[in-house]
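Architecture at a glance
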Amino acid sequence: MEMEKRINLELRNGKPSEAKELVLDNCRSEDGKIRGLTDEFINLEFLSMSSISLVSLDDLPKLPKLRKLELSGNRVSGGLEALAERTPGLTHLNLSGNRIKDLRTLEPLKKLPLLKSLDLFNCEVTLLLDYRDSVFELLPQITYLDGFDADDQEALDSDPDGLEEDQAEDGDSSSEDEEDGESDVEEDKDDDDDDDDDDEDGDEDDDEDDDDCDEDENEEGESEELDEEDEEDAEDAEELSRGEKRKRGHNYDDENNDEDD
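Predicted model, so just to flag it, every value in this text is computed and none were measured. (Residues numbered from 1 in each chain as written. Predicted model: local features only at pLDDT ≥ 70, side-chain atom pairs only at ≥ 80, totals over all residues. Heavy atoms only, no water.)

Before going further, it helps to spend a moment on the pattern of salt bridges. Scanning all chains against the criterion turns up five salt bridges. Arg28 serves as the salt-bridge partner of Glu2, at 3.8 Å between the closest nitrogen and oxygen. Of this pair, Glu2 sits in the segment before α1 (3-11) while Arg28 is found in the loop between β1 (21-23) and β2 (46-48), placing the two residues 26 residues apart along the sequence. With a closest N to O distance of 3.2 Å, Glu10 and Arg6 form a salt bridge. Of this pair, Glu10 and Arg6 both sit in helix α1, four residues apart, which is roughly one turn of the helix. A relative accessible area of 30% places Glu10 in the partly exposed class. Take Arg6: its relative accessible area is 17%, and that puts it in the buried class. (Salt bridge = Lys/Arg side-chain N within 4 Å of Asp/Glu carboxyl O. Helix = DSSP H or I, 4+ residues; strand = E, 2+ residues; numbered from the N terminus. Buried < 20%, exposed > 50% of the residue type's maximum accessible area, 1.4 Å probe, protein only.)

Below, the structure written as structure tokens:
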């Protein structure tokens, strides 16, 4: 894909002035030059143009806020003056795999006072005797060369200055969100516990109501049984009364018969 089309695709219908990062790796560069990148990208902080067959930096626009520039895997052999003139805030520069052969090619980088990290892996200049000491002497402002400082201590992070702070702020915000989430969870647990207590109280009330109902039913059952017993006693008494009357009548008839005799 041509560089201009790739830039339009990366913008996603946005404005160049709103872009902070732009990745153009592996796109096609006509005649080894930069195409489609203009000085409208005034807020661009990160630019990657790795492996695009780039030869010249002459068409690099002025990018006042650019801090990290990736140019690895190209065919740049000089012309680094363009970086000093158009990217004054540069802190990280990756020129690995280019055609940098001698220290004189790197001299324009002296004019980048904020430059902290420089990568020259797989460049011929790395084959020079005392290469590392010579580069640190030529560019005293840099802290890391090919990922290591002058004492061979590896770089902890290669992100541009400021991005780490943004990430830290995002991390703090995430932590606050997590704390808020944990607080909400604890509140929900407390609410659940209260609900459980209410349920238990409700269950106890239900049990008491059930016991009262059982007692009422038992009392009603006992009352019904007593009523039935009273009815049976009344019936028995009535039968007994009838029997007595019949017996008395029978005796009276016997007495009359005796008198007649």
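Another point: the nonpolar core. Leu47, Leu93 and Leu109 are the most contacted members of the largest nonpolar core, which totals 44 residues. Only α1, α2 (81-86) and α3 (131-138) provide two or more residues apiece to this core. Broken down by element, the residue count for this core peaks at four residues, all from α3. (Core = buried A, V, L, I, M, F, W, Y, C linked by side-chain atoms within 4.5 Å.)

Taken over all residues, the pLDDT of the protein has a mean of 78, while the share at 70 or more is 60%. The low-confidence segment residues 158-168, where pLDDT is below 50, has 18 contacts with residues more than four positions distant or belonging to other chains. Below pLDDT 50 for its whole length, residues 245-261 participates in zero contacts with residues either more than four positions away or in separate chains. (pLDDT = per-residue confidence, 0-100. Contact = heavy atoms within 4.5 Å.)

This part is about the environment of Ile100. With respect to the secondary-structure elements, Ile100 resides in the loop between β4 (92-94) and β5 (117-119). Separated by 23 residues in sequence, Ile100 and Cys123 have C-alpha atoms that sit 5.6 Å apart. Not counting residues within four places of it along the chain, the set of residues in contact with Ile100 comprises Val76, Ser77, Thr105, Leu106, Cys123, Glu124 and Val125.

On to the environment of Asp119. Note on placement: Asp119 falls in strand β5. Residue Asp119 is classed as buried on the basis of its relative accessible area of 17%. As a C-alpha pair, Asp119 and Gly97 span 22 residues in sequence and 9.4 Å in three-dimensional space. At 3.5 Å, the side chain of Asp119 and the backbone nitrogen of Gly147 are in polar contact. (Polar contact = N/O pair within 3.5 Å; in protein donor to acceptor, adjacent residues only side chain to side chain.)

Once that is clear, we can look at the side chain of Thr87. Checked against the element boundaries, Thr87 lands in the loop between α2 and β4. Polar side-chain contacts of Thr87 include one of 2.6 Å to the backbone oxygen of Leu83. For Thr87, the residues in contact, after removing those within four places along its chain, are Leu60, Leu63, Leu66, Ala82 and Leu112.

By definition, the strands of a sheet pair up through backbone hydrogen bonds, in either a parallel or an antiparallel sense. One open sheet accounts for six strands, arranged β1-β2-β3-β4-β5-β6; its pairing is parallel. At either end of the open sheet lies a strand with only one pairing partner, and these are β1 and β6 (144-145). One ladder, built from three bridges, connects β1 with β2; its direction is parallel. Residue pairing in the sheet places Glu21 in a bridge with Phe46 of β2. (Pairing = 2+ DSSP bridges.)

Now for unusual backbone geometry. Although it is not a glycine, Asn26 sits at a positive phi angle of roughly 65°. Tracing the sequence through the fold places Asn26 in the loop between β1 and β2. The phi dihedral of Asp130 is positive, around 55°, even though this residue is not glycine.

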